[in-house]
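Listed below are the residues making up each chain.
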Amino acid sequence: MEAAPAPALASPLGRISISHDAVAHIVGRVATEAYGVVGMASRKRLLARDPLRHGVTVGGSGEDGVTIELNVVVEYGLNLAEVASSIRSRVAYEVERLTGLRVASVEVHIQDVRRSA
């Protein structure tokens, strides 16, 4: 299976490529700092080398926009829909602000609910 091309931004001076791993790192940092998120989760049960990318999948391209999928663990007692909506909007905003890439979609999967430590 071929890896998807890295999202790129074109300008008159050249092209800037941003790896999916770099975008995933940004997403992981933003998500773990979001209100109500206890941690990141993964469907595959394989741990990523970088804990901030754990549970984050990035796809798409610069032209069509990047697609982001993240799996989170949310604090017990909070409104899950509100937490997911907040994560979705915050991740889209920060990725666009920090990279200049258009975000096509952000899917938030709540894998578990726990009490915070």
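Here, every reference points to the structure presented above.
Note that this is a predicted model, so its numbers are computed, not measured. (Residues numbered from 1 in each chain as written. Predicted model: local features only at pLDDT ≥ 70, side-chain atom pairs only at ≥ 80, totals over all residues. Heavy atoms only, no water.)

Colleague: Sorry if this is basic, but what is going on with the overall build of the chain here?
Modeller: For the chain, the helix and strand inventory stands at 2 helices and 6 strands. In the chain, the proportion of contacts linking residues at least 24 apart, taken out of those at least 6 apart, comes to 67%. Carbon together with sulfur atoms contributes 50% to the accessible area of the chain, which is approximately 7300 Å² in total. (Helix = DSSP H or I, 4+ residues; strand = E, 2+ residues; numbered from the N terminus. Contact = heavy atoms within 4.5 Å. Areas by Shrake-Rupley, 256 points an atom, 1.4 Å probe, with all protein chains shown as cover.)

Colleague: Would you explain the side chain of E94 in this entry?
Modeller: Looking at where E94 falls in the secondary structure, it is placed in helix α2 (residues 80-99). On the basis of relative accessible area, E94 is assigned to the buried category, the value being 14%. Among the polar contacts made by the side chain of E94, one reaches the side chain of R97 at a distance of 2.8 Å. (Buried < 20%, exposed > 50% of the residue type's maximum accessible area, 1.4 Å probe, protein only. Polar contact = N/O pair within 3.5 Å; in protein donor to acceptor, adjacent residues only side chain to side chain.)

Colleague: Would you mind going over α2 with me for this structure?
Modeller: For α2, which comprises 20 residues, the first-to-last C-alpha distance of 28 Å matches the rise-based estimate of 28 Å (1.5 Å per residue) to within 8%. For α2, the complete set of buried residues consists of V83, A84, I87, V91, A92, E94, V95 and T99. Backbone nitrogen of A81 and a side-chain oxygen of the N-cap are separated by 3.0 Å at the start of α2; the cap is N79. A positive backbone phi angle near 85° is found at G100, which sits one or two residues after α2. (Expected span 1.5 Å × (residues − 1).)

Colleague: How should I be thinking about the pattern of salt bridges in this particular structure?
Modeller: Any two side chains of opposite charge can pair, on the condition that their charged atoms come close. Enumeration over the complete set of coordinates arrives at 3 salt bridges. Notably, a salt bridge pairs R90 with E33, separated by 3.9 Å at the nearest N-O pair. Of the two residues, R90 is situated in helix α2 and E33 in helix α1 (residues 20-33); the sequence distance between them amounts to 57 residues. The salt bridge partner of R97 is E94, with a shortest N-O separation of 2.8 Å. Placement of the pair is R97 and E94 together in helix α2, with a separation of 3 residues, close to one helical turn. (Salt bridge = Lys/Arg side-chain N within 4 Å of Asp/Glu carboxyl O.)

Colleague: Explanation requested: a nonpolar patch on the surface in the structure shown.
Modeller: Residues Y76, L80, I110 and V113 make up a contiguous nonpolar surface patch of about 320 Å² in total accessible area. Considering the arrangement of structural elements, one finds I110 in strand β6 (residues 103-114). (Patch = residues over 30% accessible without salt bridge, like charges linked within 9 Å, V, L, I, M, F, W, Y side chains within 5 Å.)

Colleague: Quick question: what am I supposed to make of the nonpolar core here?
Modeller: It is characteristic of soluble globular proteins that their nonpolar side chains tend to be buried jointly. Core analysis: the largest hydrophobic core is formed by 27 residues, its most contacted members being I68, L70, I87 and V95. Listed by contribution, the elements that provide at least two residues to this core are α1, β3 (37-40), β4 (56-61), β5 (65-75), α2 and β6. Once residues within four sequence positions are removed from consideration, V95 is found in contact with V23, I26, V27, V66, I68, G100 and V103. (Core = buried A, V, L, I, M, F, W, Y, C linked by side-chain atoms within 4.5 Å.)

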